[in-house]
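# Commentary on secondary and tertiary structure
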Amino acid sequence: MLKITDINQLEARDLLKRNGFGHLGCARDDQPYVVPMHYCFDGESAYFFTTAGMKTEWLDINPQVCLQVDQIESERRWQSVVMIGRAERLTTAESIGRAAALLFEKHASLTPALNRKIVDNNEQTGQAVVYRIIPASITGRKTT
């Protein structure tokens, strides 16, 4: 029988720091939306960047998010952490620079996916947007 137990805050934050990939959940008009996301965690907040588009539109309307991160060694040996909080778009050069430094330290070759759309025969390329997730709660479970 598989035994699942809660993990403490130290273990949860350690997993968030070690890992750098999870799933970001957001919602708009009672419609959920979950996407894979690279991130970094500085011990207090998580940071990610993306190209302006659907995610950024949804986050502007409802900044409440969930970041789920796991470490799976096998079907019977895994850990999972859920951070629930508020996504805040970073707008100052200082905050964006700090977040970018943390992100590139964790993910040296990471760049946001470029999106391209044609509107009235004009090509538009999305801009990168940087966010910080301020956690309201961080919880986790693991198998033992």
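Residues numbered from 1 in each chain as written. Predicted model: local features only at pLDDT ≥ 70, side-chain atom pairs only at ≥ 80, totals over all residues. Heavy atoms only, no water.

Turning our eyes to something else, we now look at the overall build of the chain. Assigned secondary structure in the chain consists of 3 helices and 10 strands. Traced from its N-terminal end to its C-terminal end, the chain shows the element sequence β-α-β-β-β-β-α-β-β-α-β-β-β. Out of the 144 residues in the chain, the part that is buried amounts to 34%. Element-wise, carbon and sulfur atoms account for 51% of the exposed surface of the chain, whose accessible area totals about 8,800 Å². (Helix = DSSP H or I, 4+ residues; strand = E, 2+ residues; numbered from the N terminus. Buried < 20%, exposed > 50% of the residue type's maximum accessible area, 1.4 Å probe, protein only. Areas by Shrake-Rupley, 256 points an atom, 1.4 Å probe, with all protein chains shown as cover.)

Attention now goes to unusual backbone geometry. Of note in the backbone geometry, Asp29 takes a positive phi value of approximately 50° without being a glycine. Within the secondary structure layout, Asp29 lies in the loop between β2 (21-28) and β3 (31-38). Judged by relative accessible area, Asp29 falls into the exposed class, the value being 66%. Phi is positive for Asp30, which is not a glycine, with a value near 65°.

Here the focus is the packing of aromatic side chains. Under the defined criterion, the tally for this structure stands at 3 aromatic pairs. Each ring, one from Tyr33 and one from Trp58, has its centre 5.2 Å from the other, and the planes form 50°; the classification is tilted. Separated by 25 residues along the polypeptide, Tyr33 in strand β3 and Trp58 in helix α2 (residues 54-61) bring together distant segments of the chain. (Phe/Tyr/Trp six-rings, centres within 6.5 Å; stacked < 30°, edge-to-face > 60°.)

With that out of the way, let us pick up the nonpolar core. Residues Leu16, Tyr39, Phe48, Met83 and Ile133 are the most contacted members of the largest nonpolar core, which totals 24 residues. Of all the elements in the fold, those that place two or more residues in this core are α1 (9-18), β2, β3, β5 (46-51), α2, β6 (64-74), β7 (77-89) and β10 (128-143). Considering each element in turn, this core owes the most residues, 4 residues, to β10. Cys40, Phe49, Leu90 and Val130 belong to the second largest nonpolar core, which has 8 residues in total. (Core = buried A, V, L, I, M, F, W, Y, C linked by side-chain atoms within 4.5 Å.)

Looking now at the pairing of β6. Regular strands show a simple pattern: their side chains alternate between the two faces of the sheet. Inspection of the sheet shows β2 paired to β6 by 3 bridges, in the antiparallel sense. In the sheet register, Leu24 faces β6, and the bridge partner there is Leu67. Of the pairings in the sheet, the one linking β6 to β7 comprises 10 bridges and is antiparallel in character. Within the sheet, the bridge partner assigned to Asp70 lies in β7 and is Ser80. Between β6 and the antiparallel strand that follows it, β7, lie 2 residues. (Pairing = 2+ DSSP bridges.)

So, on to α1. Within α1, the full set of buried residues consists of Ala12, Leu15 and Leu16. Seen from one end, α1 has its buried residues packed into an arc of 100°, which puts them on one side. The inward-facing, buried residues of α1 abut β4 (40-41), β6, β7 and β10. Structurally, the start of α1 carries an N-cap: the backbone nitrogen of Leu10 is 3.0 Å from a side-chain oxygen of Asn8. (Arc of directions from axis to C-beta. Contact = heavy atoms within 4.5 Å. Polar contact = N/O pair within 3.5 Å; in protein donor to acceptor, adjacent residues only side chain to side chain.)

What α2 keeps buried is the set Lys55, Thr56, Trp58 and Leu59. For α2, the arc enclosing every buried residue in end-on projection is 165°, short of the 170-degree limit, so these residues lie on one face. On its buried side, α2 packs onto β2, β3, β5, β6, β7 and β10.

This is a description of form; function is not addressed.
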